[in-house]
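A closer look at the structure
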Amino acid sequence: MANFYMPLQLAPKTIFNVGITKQRSFATASLPLAECKALAKNVGGSFNDIVLWICATALRKYLTNHAALPTKPLVAAMPVSLREESNKELNNQASITVVQLGTHIANPMKRMNAIMESTGKVKEALKNLKSVLPTDYPSLL
């Protein structure tokens, strides 16, 4: 197995990573799946890359509007499948990793490229690490 080292990437301090109070609100939005998939294809990314980009862009705008955008990129916990394509077992074969969201990058396409680079590194690392990563995080917590 190749040597692999990924330093722990903690999220920068924001107005979000504080205690939750009754003043916090929650909202959702729906986007057309076909358009998101087409956008991903057009930029050479995956559907998941587009979802991360949409979230990163919304977070960047919100934090900028509140004069609270950190200079370091925000990070997101991202589930990853450890299941081999031919494996049809009915069990949990997933783990979790952290990817950078590029929120420190103003240019939307450069932000998308940063996200695709971050998720690409994860995909490349998983090729060698699938057999040694824990898959049952709830029991570890």
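The structure displayed is predicted, hence computed values, not measured ones. (Residues numbered from 1 in each chain as written. Predicted model: local features only at pLDDT ≥ 70, side-chain atom pairs only at ≥ 80, totals over all residues. Heavy atoms only, no water.)

Averaged over every residue, the pLDDT of the protein is 83; residues scoring 70 or more account for 81%. The low-confidence segment residues 1-7, where pLDDT is below 50, has 6 contacts with residues more than four positions distant or belonging to other chains. Across residues 137-141 the pLDDT falls below 50, and counting only partners more than four positions away or on other chains, this stretch makes 3 contacts in the model. (pLDDT = per-residue confidence, 0-100. Contact = heavy atoms within 4.5 Å.)

To continue, consider helix 2 (residues 47-65). In this model helix 2 runs 27 Å from its N-terminal to its C-terminal C-alpha over 19 residues, within 8% of the 27 Å that 1.5 Å per residue would give. The complete set of buried residues in helix 2 reads Asp49, Ile50, Leu52, Ala56, Arg60 and Leu63. One side of helix 2 carries all its buried residues, which in axial view fall inside an arc of 160 degrees. Exposed side chains of helix 2 directed beyond 90 degrees from the buried face belong to Lys61 and Asn65. (Helix = DSSP H or I, 4+ residues; strand = E, 2+ residues; numbered from the N terminus. Expected span 1.5 Å × (residues − 1). Buried < 20%, exposed > 50% of the residue type's maximum accessible area, 1.4 Å probe, protein only. Arc of directions from axis to C-beta.)

Size it by volume and the largest pocket reaches roughly 780 Å³. Lining the largest pocket we find 18 residues, and of these Ala27, Thr28, Cys55, Ala58 and Leu59 sit closest to its centre. The residue inventory of the lining of the largest pocket, partitioned by class, reads 15 nonpolar, 2 polar and 1 charged. (1 Å grid on protein atoms, 1.4 Å probe; cavity = no way out; pocket = protein on both sides within 12 Å on 5 of 7 lines; lining within 4 Å. Points joined across faces, edges and corners; volume = space filled by probe spheres on them. Nonpolar A, V, L, I, M, F, W, Y, C, P; charged D, E, K, R; others polar.)

A few words on the nonpolar core. Counting 13 residues, the largest nonpolar core has Leu52, Met78, Val80, Val99, Leu101 and Val122 as the members making the most contacts within it. Within the residue set of this core, elements represented by two or more residues are helix 2, strand 1 (75-81) and helix 3 (108-129). What Val122 contacts, discounting residues up to four positions off in sequence, is Met78, Val80, Thr97, Val98 and Val99. Core analysis: the second largest hydrophobic core is formed by 5 residues, Ala40, Ile50, Met112 and Met116 among them. (Core = buried A, V, L, I, M, F, W, Y, C linked by side-chain atoms within 4.5 Å.)

In this section: the pattern of salt bridges. For the structure on display, the rule yields 1 salt bridge. In this structure, Lys121 engages Glu117 in a salt bridge whose closest nitrogen and oxygen atoms are separated by 3.5 Å. Pair noted here: Lys121 and Glu117 are both in helix 3, with a separation of 4 residues, about one helical turn. As far as the burial class goes, Lys121 and Glu117 line up, both exposed. (Salt bridge = Lys/Arg side-chain N within 4 Å of Asp/Glu carboxyl O.)

The grouping of Ile15, Phe16 and Tyr62 at the surface amounts to a nonpolar patch, some 260 Å² of accessible area in total. Relative to the helices and strands, Phe16 resides in the segment before helix 1 (33-43). Residue class for Phe16 comes out partly exposed when judged on its relative accessible area of 31%. (Patch = residues over 30% accessible without salt bridge, like charges linked within 9 Å, V, L, I, M, F, W, Y side chains within 5 Å. Areas by Shrake-Rupley, 256 points an atom, 1.4 Å probe, with all protein chains shown as cover.)

A positive phi angle, close to 50 degrees, is found at Ala67, a residue other than glycine. Overall, Ala67 belongs to the exposed group, its relative accessible area being 76%.

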